[in-house]
Number of protein chains: 2
Amino acid sequence: MDGRAGLAATPGALPYYVAFSQLLGLTVVATTGAWLGLYRGGIAWEGALQFNVHPLCVVIGLIFLQGDALLVYRVFRNEAKRTTKVLHGLLHVFALVIALVGVVAVFDYHRKKGYADLYSLHSWCGLLVLVLYFAQWLVGLSFFLFPGASFSLRSRYRPQHVFFGAAIFLLSVGTALLGLKEALLFKLGAKYSMFEAEGVLANVLGLLLVGFGVTVLYILTRSDWKRPPQAEEQALSMDFKTLTEGDSPGSQ
Amino acid sequence: MDGRAGLAATPGALPYYVAFSQLLGLTVVATTGAWLGLYRGGIAWEGALQFNVHPLCVVIGLIFLQGDALLVYRVFRNEAKRTTKVLHGLLHVFALVIALVGVVAVFDYHRKKGYADLYSLHSWCGLLVLVLYFAQWLVGLSFFLFPGASFSLRSRYRPQHVFFGAAIFLLSVGTALLGLKEALLFKLGAKYSMFEAEGVLANVLGLLLVGFGVTVLYILTRSDWKRPPQAEEQALSMDFKTLTEGDSPGSQ
């Protein structure tokens, strides 16, 4: 990484990193589709292929769309804050709805086959992700989209929201890796150690998932790429500061 | 989480979070030991138990000690910077050496048993962690411990070092989850879905690993808990600024 370009005041490199993250994210989705199509017989809501709806939907929802929702404030730097917020919230809704289709698919498949539910580490982590994701969305909505919360309250909650957003995203990536591994070991068993084509493709998919997670986290955490406060927000924040001597909400 | 206490200017809550992280980290190590002792016959360098050296050593090295090495700058806030750096570097050396014992154990075990190496996603991620960990350590050493690098160079590299340190730690946690899952599915197979005691204990261990990772990340990233620049560093940085008009190294 070029340290000089990295610390320049203008985020000239940001669009390239964002483009790279999108390329990686789409490759993750395409590779998941290729894996399911080439080695698992494709996708259908009925019969044995219903299981395959699960990995595809959770990868689209909880990996690609969730990751993109986190990047909204870095990408739309000059839009009105409210527009960006609505986009951020909506992307998370899409992500959750698509993920829920995937979750319903696997429970329905297990029910029809008479398999046990929620016994594996993958399922425990997945459940934790869903509960935290929904809670974070509700709390975020009530703090940032409804006008009730004060500037001071928002500014105190914002870093927690950002941290837990990143943590839930990373836990989603980890959960996907566990699920991928589970699907491989259940089907391939000892053949996994013979470098079967499916195993190698799935390992590559795992590394792509890690790469997407790291890239999104990098864009999200780089301090000189944070969204600058806009004139309207600065004015409001100054007003508020004068009135209450509380801390200003700043930008995230 | 208490937002009010959370954003107080003095990091009054920091010691509690650090204590909690240590409790979690030690519980992770103890649970790994309990799992290997109760369900895997314990540990030995010779014979079938040699494999068990692997999970114990990598959990101690690449999870517990690596996590603690990241926290050194948050815990030792008022020691001389150089002392803290040396401790940070040494903890990483211990972590790497202990992890390498665990890695040698599994390769040696595979060799004796005639098993294939490096075919699984766990092993690919593990190899990636080792290579990145060693590279990060070498680059960190040359930038921060040797006197050659200028203040300006150090201050440009520092955020990259912190980001990649956190990313490698998180990848280590993810790799441990994959390894745990692999060990469970190889041994338990279909019995995993019957809520066998070993499966439940290992799932709990997985959640503890996630909890330790999240707690360390939280302490590391909270902006008001960062190490304040010390008088000596500030003076040096001012000097340097005057001389070169470059950016000041600040603190991390």
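Relevant structure appears above.
Everything in this summary refers to the structure shown in the same document. Only a predicted model underlies this, so the values are computations on that prediction, with no experimental measurement involved. (Residues numbered from 1 in each chain as written. Chains lettered and ligands numbered in written order. Predicted model: local features only at pLDDT ≥ 70, side-chain atom pairs only at ≥ 80, totals over all residues. Heavy atoms only, no water.)

1. Details of the overall build of chain A
Then step 1. What chain A contains, in helices and strands, is eight helices and zero strands.
Then step 2. Out of the 252 residues belonging to chain A, those deemed buried represent 50%.
Then step 3. Taking as baseline every contact in chain A between residues at least 6 positions apart, the subset at least 24 positions apart corresponds to 73%.
Then step 4. Accessible area of chain A: about 11,400 Å², with a carbon and sulfur share of 71%. (Helix = DSSP H or I, 4+ residues; strand = E, 2+ residues; numbered from the N terminus. Buried < 20%, exposed > 50% of the residue type's maximum accessible area, 1.4 Å probe, protein only. Contact = heavy atoms within 4.5 Å. Areas by Shrake-Rupley, 256 points an atom, 1.4 Å probe, with all protein chains shown as cover.)

2. Here's the deal with the interface of chain A and chain B
Then step 1. Of the residues lining the interface, 42 residues belong to chain A; the matching set on chain B comes to 43 residues.
Then step 2. Together chain A and chain B conceal approximately 3,900 Å² of surface at their shared face, both sides included; 78% is due to carbon and sulfur atoms.
Then step 3. On inspection of chain A and its partner chain B, the count reaches two salt bridges.
Then step 4. For Glu182(A), the salt bridge identified is with Lys181(B), shortest N-O distance 2.1 Å. (Buried area = accessible area lost by both parts, 1.4 Å probe. Salt bridge = Lys/Arg side-chain N within 4 Å of Asp/Glu carboxyl O.)

3. Description of the relation of the copies chain A and chain B
Then step 1. Laying chain A over chain B is done by rotating through 180 degrees and shifting 0.0 Å along the axis; what remains is an RMSD of 0.0 Å. Such values leave the two copies arranged in the relation of a two-fold axis.
Then step 2. In this assembly the copies share their binding face: 100% of the residues contributing to the interface of chain A also contribute to that of chain B. (Least-squares fit on C-alpha atoms with pLDDT ≥ 70 in both.)

4. Things to note about helix α4 (residues 81-113) of chain A
Along an α-helix, residues three or four positions apart point the same way, because every turn accommodates 3.6 residues.
Then step 1. Under the 1.5 Å per step criterion, the end-to-end length of α4(A) is 48 Å for 33 residues, consistent within 8% with the ideal 48 Å.
Then step 2. Looking at the residues trailing α4(A), positive phi occurs at Gly114(A), about 75 degrees. (Expected span 1.5 Å × (residues − 1).)

5. Let's talk about the nonpolar core
Then step 1. Counting 110 residues, the largest nonpolar core has Leu209(A), Phe212(A), Leu209(B) and Phe212(B) as the members making the most contacts within it.
Then step 2. Setting aside its immediate chain neighbours within four residues, Leu209(A) contacts Val28(A), Ile63(A), Val173(A), Ala176(A) and Leu177(A). (Core = buried A, V, L, I, M, F, W, Y, C linked by side-chain atoms within 4.5 Å.)

Geometric descriptors of this kind do not, in isolation, establish any biological role.
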